[in-house]
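# Architecture and fold: a report
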Amino acid sequence: MSYSGKIVWVTGASSGIGEALAKAFSDQGASVILSGRRVGALDDVARACRGDTLELPFEATDYDALPGIVAQAEGWKGRIDVLVNNAGISQRSLGKDTKFEVYRELMEVDFFAPLRLTQLVLPAMLARGEGHFINIASVAGKIGGVLRTGYSAAKHALIGYSDALRAENEYAGLKVTVVTPGFVRTNIATHARSGDGSERGRSDEDIDSGISPDEAALMILAGIAAGKREIPVARGAIAEALKLKSIDPERLFDVMAAQGAMMAARE
Ligand SMILES: NC(=O)c1ccc[n+]([C@@H]2O[C@H](COP(=O)([O-])OP(=O)(O)OC[C@H]3O[C@@H](n4cnc5c(N)ncnc54)[C@H](OP(=O)(O)O)[C@@H]3O)[C@@H](O)[C@H]2O)c1
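Residues numbered from 1 in each chain as written. Predicted model: local features only at pLDDT ≥ 70, side-chain atom pairs only at ≥ 80, totals over all residues. Heavy atoms only, no water.

### Side note on the UniProt feature "domain: Ketoreductase" (unreviewed entry) in the chain
What UniProt calls "domain: Ketoreductase" (unreviewed entry) maps, in this numbering, to residues 6-187. In residues 6-187, the share of helix is 46% and the share of strand is 17%. The end C-alpha atoms are 29 Å apart. (UniProt positions renumbered as here; feature names shortened; annotations may be inferred. Helix = DSSP H or I, 4+ residues; strand = E, 2+ residues; numbered from the N terminus.)

### Brief notes about the packing of helix H8 (residues 236-247) against helix H9 (residues 249-266)
Two packed helices can be described by the angle between their axes and the distance between those axes. Remark: H8 packs on H9, axes separated minimally by 6 Å, with the N-to-C direction vectors making an angle of 135°. Classed by the angle they form, the pair H8 and H9 counts as oblique. Residues Ala241, Leu244, Lys245, Ser246 and Ile247 of H8 form the contact with H9, whose own contacting residues are Pro249, Arg251, Leu252, Phe253 and Val255. For the contact of H8 with H9, the class distribution of residues is 7 nonpolar, 1 polar and 2 charged. (Axes fitted to C-alpha atoms, helices over the stretch in contact; angles between N-to-C directions. Parallel < 35°, antiparallel > 145°, perpendicular 65-115°, else oblique. Contact = heavy atoms within 4.5 Å. Nonpolar A, V, L, I, M, F, W, Y, C, P; charged D, E, K, R; others polar.)

### Digging into empty space enclosed by the protein
In this structure the tally under the stated criterion is 1 cavity of 30 Å³ or more. Size it by volume and the largest cavity reaches roughly 60 Å³. Along its surface, the largest cavity is lined by Thr11, Phe58, Ala60, Asn85, Ala87, Val109, Ala113, Pro114 and Leu117. If one sorts the elements of the lining of the largest cavity by residue count, helix H4 (residues 100-128) sits on top with 4 residues. Class assignment of the residues belonging to the lining of the largest cavity gives a composition of 7 nonpolar, 2 polar and no charged. (1 Å grid on protein atoms, 1.4 Å probe; cavity = no way out; pocket = protein on both sides within 12 Å on 5 of 7 lines; lining within 4 Å. Points joined across faces, edges and corners; volume = space filled by probe spheres on them.)

### Some thoughts on the nonpolar core
Most often, soluble globular proteins have nonpolar side chains that are buried together. Ranked by size, the top nonpolar core spans 31 residues in total, and within it Val8, Leu21, Phe25, Leu34, Val84, Ile134 and Ile220 carry the most contacts. Listed by contribution, the elements that provide at least two residues to this core are strand S1 (7-11), helix H1 (16-27), strand S2 (31-35), helix H2 (39-48), strand S4 (82-85), strand S5 (131-136), helix H7 (213-225) and strand S7 (230-233). Tallying contributions element by element places H1 first for this core, with 6 residues. In this view, Phe25 contacts Tyr3, Val8, Ala30, Val32, Val84, Ile134 and Leu221; residues no more than four positions away in its chain are not counted. Leu56, Ile69, Val121 and Phe133 belong to the second largest nonpolar core, which has 29 residues in total. (Core = buried A, V, L, I, M, F, W, Y, C linked by side-chain atoms within 4.5 Å. Buried < 20%, exposed > 50% of the residue type's maximum accessible area, 1.4 Å probe, protein only.)

### Comments concerning the layout of surface pockets
Considered as a void within the structure, the second largest pocket measures approximately 200 Å³ in volume. Lining the second largest pocket are Met1, Tyr3, Lys6, Asp81, Val82, Arg128, Glu130, Gly131, His132, Gly173 and Lys175.

### Focus: the pairing of S4
Successive side chains on a regular strand alternate, one facing one side of the sheet and the next facing the other. Residue alternation in S4 divides its side chains into two sets, Val82 and Val84 and Leu83 and Asn85, and both sets are buried. Inspection of the sheet shows S1 paired to S4 by 3 bridges, in the parallel sense. For Val8, the partnering residue across the bridge sits in S4 and is Val82. As paired elements, S4 and S5 share 4 bridges and run parallel to each other. Note that in S5 the partner of Leu83 across the bridge is Phe133. Assessed by its sense of winding, the connection that carries the chain from S4 through H4 to S5 is right-handed. (Pairing = 2+ DSSP bridges. Right-handed = clockwise from strand over helix to strand, strands pointing away.)

### Focus: the environment of Phe58
Tracing the chain through its elements places Phe58 in the loop between strand S3 (53-55) and helix H3 (66-77). Accessibility expressed as a relative area gives 8% for Phe58, which makes it buried. Spatially, the C-alpha atom of Phe58 lies 5.5 Å from that of Gly36, the residues being 22 residues apart in sequence. Non-local contacts of Phe58, meaning those with residues more than four positions away in its chain, are made with Trp9, Thr11, Ser35, Gly36, Arg37, Leu66, Ile69 and Leu117.

### Things to note about the site of the ligand
Contacts to the ligand come from 31 residues, most closely from Ser14, Arg37, Tyr151, Val184 and Thr186. One of the side-chain N or O atoms of Ser15 is found 2.8 Å from an oxygen atom in the ligand. Here Arg38 contributes a side-chain N or O atom positioned 2.9 Å from an oxygen atom of the ligand. Bound to the protein, the ligand loses 97% of the 890 Å² it would expose on its own. Where the shell around the ligand is concerned, the elements lending two or more residues are H1 and helix H5 (149-169). Tallied by class, the residues present in the shell around the ligand amount to 15 nonpolar, 12 polar and 4 charged. (Near = heavy atom within 4 Å. Polar contact = N/O pair within 3.5 Å; in protein donor to acceptor, adjacent residues only side chain to side chain. Areas by Shrake-Rupley, 256 points an atom, 1.4 Å probe, with all protein chains shown as cover.)

### Focus on the side chain of Asp81
By the element assignment, Asp81 lies in the loop between H3 and S4. The buried category is assigned to Asp81, whose relative accessible area is 6%. Side-chain polar atoms of Asp81 contact the backbone nitrogen of Ile7, separated by 2.8 Å. Leave out the neighbours within four places in its chain, and Asp81 touches Gly5, Lys6, Ile7, Met125, Arg128, Gly131 and His132.

Quick look at the structure:
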């Protein structure tokens, strides 16, 4: 699918899935806006993109700054065709060990920040009668699993918001795509929050044995080209778990509870 002449804004473009998506959209001819906090990493991604890019570094939860950043994004080429809400953080802590503030941070970064950016981009898209939101959720937005009470809640919220936004606006020419990755080899686990709010500081086996970000980006673009409103990006056991959630949720709850019991036995 060609994105020639399209303006695509990718948040969390400084690493992982966002970096791979930025390059993939650029390969397809898009002009790409790159956002994230680390300017040096955004510079590297911009250099690796084929087409033209605009770097707009931001802290996604700096809500006072967002209107000005959206104005710069819209002012670059006169519009935004696609907003990829990808910036996010994960969690690796049991609910019983997790401070309330950590839940607040996960909800801010993974739910309220993409919601706020969407709110600010939506009016111009509605006025034009076209536009596309691609919201990177997670399998954790479909399935509640161990060590992810806050992350799972935030991603469930993002999916609920996205599905309702689509229901309200598809007739008006807007597209809303939800992406539910399983395990993708990125920095997500290393940067995940521990119960006290500190960064975990190391990856885990599930993530390290996951699919590559480039493969995830290709799966996402293929799903979009096929017109899917929800795109699972997973293989193996995690893909099976997603299917089980819809065909036999009670069985899935047994599987997830067994994981919780195993983890408790190891403690
Ligand atoms: N990897 C997986 O297995 C997996 C599975 C399911 C869902 N996901 C989702 O995929 C998305 C991308 O994650 P990833 O796996 O690619 O992880 P990653 O490599 O850690 O990338 C996360 C990106 O989000 C940005 N970011 C984080 N907090 C931010 C903030 N407060 N303000 C602005 N930017 C922020 C980071 O940029 P800076 O550090 O430059 O700010 C970085 O570019 C996330 O929404 C994640 O939940 C990932």
